[in-house]
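As a plain string of letters, each chain reads:
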Amino acid sequence: MNRARVVGTGAAVPRKVLTNADLEKLVATSDEWITTRTGIKERHIVSEGEKFSDLCTTAADQALKRAHLKPEDLDMILVGTISSDMLFPATSCLVQRNLGATNAACSDLSAACVGFLYGLHMADALIQSNKADNILVVGGEILSRYVDWTDRSTCVLFGDGAGAVVLQATKGDHGILGSLMKSNGCYADFICMPGGGSNRPANDATQIAEKLPYIKMKGNETFKVAVKAMADVTAELLTEQGFTHEQIDLFIPHQANERIINAVGAKLKIAPGKVFKNIERYGNTSAASIPIALDECVREGRIHDGDLILLTAFGSGLVWGSVLLRW
Ligand code: ACO
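Here is what the cut-offs are and how they apply
- Residues numbered from 1 in each chain as written.
- Predicted model: local features only at pLDDT ≥ 70, side-chain atom pairs only at ≥ 80, totals over all residues.
- Heavy atoms only, no water.
- Axes fitted to C-alpha atoms, helices over the stretch in contact; angles between N-to-C directions.
- Helix = DSSP H or I, 4+ residues; strand = E, 2+ residues; numbered from the N terminus.
- Parallel < 35°, antiparallel > 145°, perpendicular 65-115°, else oblique.
- Left-handed = near helix turned anticlockwise from the far one by under 90°.
- Contact = heavy atoms within 4.5 Å.
- Nonpolar A, V, L, I, M, F, W, Y, C, P; charged D, E, K, R; others polar.
- 1 Å grid on protein atoms, 1.4 Å probe; cavity = no way out; pocket = protein on both sides within 12 Å on 5 of 7 lines; lining within 4 Å.
- Points joined across faces, edges and corners; volume = space filled by probe spheres on them.
- Phe/Tyr/Trp six-rings, centres within 6.5 Å; stacked < 30°, edge-to-face > 60°.
- Lys NZ or Arg CZ within 6 Å of the ring centre and 35° of its normal.
- Near = heavy atom within 4 Å.
- Polar contact = N/O pair within 3.5 Å; in protein donor to acceptor, adjacent residues only side chain to side chain.
- Areas by Shrake-Rupley, 256 points an atom, 1.4 Å probe, with all protein chains shown as cover.

Draft legend 1. Summary view of the packing of helix α3 (residues 52-66) against helix α4 (residues 91-99). Closest axis-to-axis distance for the α3/α4 pair is 9 Å, and the angle between their directions is 55°. Taken together, the axes of α3 and α4 lie oblique to each other. α3 and α4 meet at a crossing whose hand is right-handed. Contacts from F52, S53, D54, C56, T57, A60, D61 and L64 of α3 reach α4 at T91, L94, V95, N98 and L99. Residues that form the contact of α3 with α4 fall into these classes: seven nonpolar, four polar and two charged.

Draft legend 2. Representation of empty space enclosed by the protein in the model. Across all of its chains, the model carries one cavity of 30 Å³ or more by this definition. One number sums up the size of the largest cavity: a volume of about 30 Å³. A4, R5, V6, G175, I176, L325, R326 and W327 together form the lining of the largest cavity. Of all the elements in the fold, those that place two or more residues in the lining of the largest cavity are β1 (3-12), β8 (175-183) and β13 (319-326). Looking at the lining of the largest cavity, the element that brings in the most residues is β1, giving three residues. Per-class residue counts for the lining of the largest cavity are five nonpolar, one polar and two charged.

Draft legend 3. Broad picture of the packing of aromatic side chains. Across all of its chains, the model carries two aromatic pairs by this definition. Residues Y187 and F190 carry aromatic rings whose centres are separated by 4.9 Å and whose planes lie at 45° to one another, so their mutual orientation is tilted. Sitting above the plane of the Y214 ring, K211 keeps its charged end 5.8 Å from the centroid.

Draft legend 4. View of the site of the ligand. In the region of the ligand, 26 residues are neighbours, and T29, R37, R152, N220 and N257 sit closest. In this structure, a nitrogen atom belonging to the ligand sits 3.0 Å away from a main-chain N or O atom of G219. S316 is positioned such that a nitrogen or oxygen atom in its backbone is 2.9 Å from an oxygen atom of the ligand. Calculation on the ligand without its partners gives an accessible area of 1,000 Å², and the protein chains cover 75% of this total. Sorting the residues of the shell around the ligand by element identifies α2 (31-38), α6 (152-155), α7 (219-241), α8 (258-267) and β12 (308-315) as the ones contributing at least two each. No other element matches α7, which puts four residues into the shell around the ligand. In the shell around the ligand, the residues fall into 13 nonpolar, ten polar and three charged.

Rendered as structure tokens:
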């Protein structure tokens, strides 16, 4: 059986950093509130003129180089995002053009903060079924362009960035061992952006006055579902694959809130030292958070050959999921 193995990682964030002190000047908030409630100290934000597809291309280029592959070797490009340059064409097509990946089929995945994991799930299925040998999976977001900068309950949370991996077909024991994706559309109004889609298109003159093309979130309700959903799906995946929490070498949960990360880690009984966190420096980068974290772990030497790595994420939809891989 073919397995999908990560053979290269990459990440890119904008240069501009927005600190909690900067936010104190914009809305009625404080470094103390943001730090204690979320764990975030600063986030990277795009400047005028910076494009999402360029961040994705930089991350993808790094992943390809580390995989020792040429762009033409890619069979498929999947980009998990809810903040593409345009409603269409797909960002994956723009990345294909920028890289010169002329042999790749391209598609974007809309699964909010879980977009990257949905990408791994689908790429794994394509590789297992011999439909592709080399797949680029990108997760990225520039939600700063959709944040209401007068709403203190959301504007302090998000950061911009992109991360990428190249998955390659292998016959060995290394690679994705299993993945489980879930969703519940009954919670669709927990996190949403009501404007800009075909229901209330961007050319509707009342959009801005009604504050429609901005992120709306029921933070507290989302928090409670997030902890249970991520812990449950991860426990189910571990049982399905015949592993226990003690065998996990590194747990990388979606970086949405430090309290959520700690609560999920505790529910799964994973030792705090094995739970990866970088939310302090990036905030919630949505679909980018796990591939940025993976890339950081690889570059810092925190991941070793044969390690058992567990990933989980949660986001608008509501959607959530978990991926287990042997490095
Ligand atoms: N600064 C100061 N005070 C604030 C701020 C702020 N930035 N934001 C909210 N408050 C106030 C509220 O107004 C409220 O005041 P009140 O008690 O006088 O009414 C108080 O702080 C508590 O507000 P809560 O919303 O209950 O705060 P909570 O502890 O729940 O933290 C947060 C809010 C950080 C949003 C948390 O609920 C959370 O992280 N939720 C989950 C978010 C998430 O995981 N989203 C999924 C991914 S996003 C995606 O898919 C795109």
